[in-house]
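Chain by chain, the residues:
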Amino acid sequence: MKEMLNHRAAVKDVSNEKESISTIEKISGAEAVVKCLLEEGVELVFGYPGGAIMPVYDALYNYQDNVKHILTRHEQGAIHAAQGFARATGKVGVCIATSGPGATNLVTGIADALIDSTPVVCITGQVASTLLGTDAFQETDVVGIVTPVTKWDIQITDANEIPEAFAKAFYIARSGRPGPVVIDITKDAQFQQIEFKYEVCTKIRSYFPKPKIDPTKVEEAAELINKSKKPFLIFGQGVILGQAESELKSFLEKSGIPSAWTLLGLSALPNEHPLNYGMLGMHGNLAPNKLTNECDVLIAVGMRFDDRVTGDVKTYAKQAKVIHIELDSAEINKIIKADVAIHSDAKEALALLTELVKHKEYAEWINQFKDLQKVEYDKIIKHELYPTENGLKMSEVVRIVSEKTKGEAIVVTDVGQHQMVAARYFDHKNTRSSITSGGLGTMGFCLPAAVGAKLGRPDKQVIAIIGDGGFQMTIQELGTILQTGVAVKVIILNNEYLGMVRQWQQLFFDKRYSQTEMINPDFIQIASGYGLDAQKVTKREELDSAIDKLLNAEAGYVLEVGVEKEDNVFPMIPTGASVSDIRLE
Amino acid sequence: MKEQFTISIFTENKVGLLNRVTIIFTRRHINIESITASESEVLGIYRYTVVVNESRENVEKVVKQIEKQVDVFRAFYHTTDEIIHQEIALYKIATSSVQNGLGLEKIIRDHHARILSLEQDYIVIEKTGHKADTNELLEALQPFNVLEFVRSGRVAMMKQIDNFSDTLHELEKVHHLE
């Protein structure tokens, strides 16, 4: 502690020294905000101006060559775009909004970023500090509202705090388990003149983002694995966030252990990898769900046992010894008790484990996976991918896009049936190529997130696969595509229903389709109104060439596919049922 | 099974942090029985003392979610027999109600309480102790017509020699000095 105190004293001395240098030019708090972004290497921000953030927008005007600002059509669009950018690139996404409604419009995206561990820095304007708490025009207690859904937040009333707050914000957003932070800056602080000096943050004394791995736990885990006859590895987004894709692959290949992924873990391991047995959870594959309840050792890497993955926890993997590799200690033993917990990032733990595991052949065990795979293929998959009768299926659209892009595209999805179908049937080749709202299940996420993803990865084909319901939740972001010219390819899978809710109504509410049928507008005319080329198809024979046209378009493009109205996604684990009770119909 | 736990949380002194900590309880629908915040023995580091009735399993999870907060150093939870704890209570009675025969002096003496303020209209009595003790005094003062009663949240210390400075030092060594 003494060292800490001394360290603090030293910092104080430096700042005194700084104050004594009178040659430093003074800049406004607003300009300091922009300079902080430059210091953090930010080249792209998403936002929407308004009264209390105007000084920052005025400062941005002078830095247009350094920081590109994307004007979305709604603040929710701005944060989802920042999330899409972050998820596609691994960098911190940045969005800006004004006070009051501007800031509250960010809340859904902030909650989404927290639950899906996405690094985002949100900058919000606030009324002048003298007006705080007075119900001033466009005043809302932003920090109070966002605290439950942020990793960290701060309100700034003195511009001198801006550099340190931004340095901390970026460090917190990207380190450890990433997440969203909010910096709320009063308007007077944006005008205040300060001497600007920036120091990148590398540590915070109360924050421990990189735990020291306990090697004895790794040894215990290796021992369990080496004695195991039926080991099974399941992984989540922690592999992607921890850049542990190659460590995962090496571990699997050395050990010969079969694996499966959560929705957010998708793309960390290529789908075609022989030890990749597909998706876990409610609409996941048959083999990994069933065999979760038959394995003897379950190795969970960088995941949090969401209820959509586990089904009924009382019957989840009870027969297995559970090894949980997880960076966030609050996730360990939160849902599933770990027999061996390795509190560590996935990269370090997997690398150490790989050294200690023995290579074994699990022929019989692997055959169990293959047998169930075949059952699922015969009963469901082949009919989904290659239908010959009735209306178009979402799955065949996804298959064709997957084939035509050779699995190289970044697929951004919304929430619902199309999301599950895209996750099930697109064969991803590269990491960070699946972007979706997993934990929060935010309809309206897809379109703006796709804009952010494409701006982050202009070299990639970015496909927004979206339902007719979710599309209309943020449809105005077509305006962002129009204004920026960003070449997002949109595929609307239109079944004229809120399909997933309708599916549940069919299965669990006696087909009482309460408020799920949608009378939709003419999406092609709307797209045209936004200056985008667009086409609608409803027939199987038109599909292939329509997808070619979409993929070959230079600019943004909208393809509406009229699909079977009352199709269902299977397999399915009904809510509260066990993973072994997964239904094929 | 629910039992009483006292949670000690060591934090930075930051606006809004108390809210950030309390919502971790409220989102799980856990009622906070008492809460206090004060400086600790380490300059600039604050400690919150929170009392809840909850299962050990849930308390463990809550404490980890509290520790996860960026501005929280550490959080500890203890059952009541693992801590030394105290509360303070104030009682206001009308001066006019103090008549011979009711034995106020004896009550104050027996309860190890004291008179904090003696005014023309009223008397304020102070007592520190466990909740049961301050409740007993409240009971005993009923004949005097208690005008006002207030009790603080619990403050508590662990029954072990370690102080938080050592813990901090250890954290610093493990996480920041490499």
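Computed from a prediction, not measured in an experiment: that's the story for all the values here.

Engineer: Requested: an account of the sheet that holds strand β2 (residues 32-39) of chain B, with residues and values cited.
Structural biologist: Residues and elements named next belong to chain B. Strand order in the open sheet made by the 4 strands is β2-β3-β1-β4, with antiparallel pairing throughout. Edge positions in the open sheet fall to β2 and β4 (72-79), since each of these has one partner strand only. Neighbour-to-neighbour, the strand axes of the sheet open up by a mean angle of 15°, direction not taken into account. In this sheet, strand β3 (residues 45-55) lies alongside β2 in antiparallel orientation, the contact comprising 7 bridges. From the neighbouring strand, Ser 34 faces β3, where its bridge partner is Val 51. Where helix α2 (residues 56-67) meets the sheet, its contacts fall on β1 (2-12), β3 and β4, and the angle it forms with β4 comes to roughly 165°.

Engineer: Please give an account of the environment of A:Asp141 that cites residues and values.
Structural biologist: Locating A:Asp141 in the fold gives a position in the loop between β5 (120-126) and α7 (142-146). Residues A:Asp141 and A:Ser99, spaced 42 residues apart in sequence, show a C-alpha to C-alpha distance of 9.1 Å.

Engineer: So what about the domain arrangement of chain A? Which residues, and what values?
Structural biologist: Residues and elements named next belong to chain A. If you check the domain split of chain A, you get domain 1 (20-195), domain 2 (215-369) and domain 3 (386-562). A C-alpha centroid distance of 37 Å is found between domain 1 and domain 2. Domain 1 puts 5 residues into the contact, and the matching count from domain 2 is 5 residues.

Engineer: Report on the sheet that holds strand β2 (residues 44-47) of chain A, specifying residues and quantitative values.
Structural biologist: Residue and element names in this part refer to chain A. The strand order across the open sheet formed by 6 strands is β3-β2-β4-β5-β7-β6, and the pairing between neighbours is parallel. A strand with exactly one partner marks an edge of an open sheet, and here the two such strands are β3 (68-71) and β6 (152-156). Ignoring strand direction, the axes of neighbouring strands in this sheet form an average angle of 20°. Pairing between strand β4 (residues 93-97) and β5: 5 bridges, direction parallel. For Val 94, the partnering residue across the bridge sits in β5 and is Val 121.

Cut-off values and rules
- Residues numbered from 1 in each chain as written.
- Chains lettered and ligands numbered in written order.
- Predicted model: local features only at pLDDT ≥ 70, side-chain atom pairs only at ≥ 80, totals over all residues.
- Pairing = 2+ DSSP bridges.
- Helix = DSSP H or I, 4+ residues; strand = E, 2+ residues; numbered from the N terminus.
- Axes fitted to C-alpha atoms, helices over the stretch in contact; angles between N-to-C directions.
- Contact = placed C-beta atoms within 7 Å.
- Domains from an automatic or database assignment.

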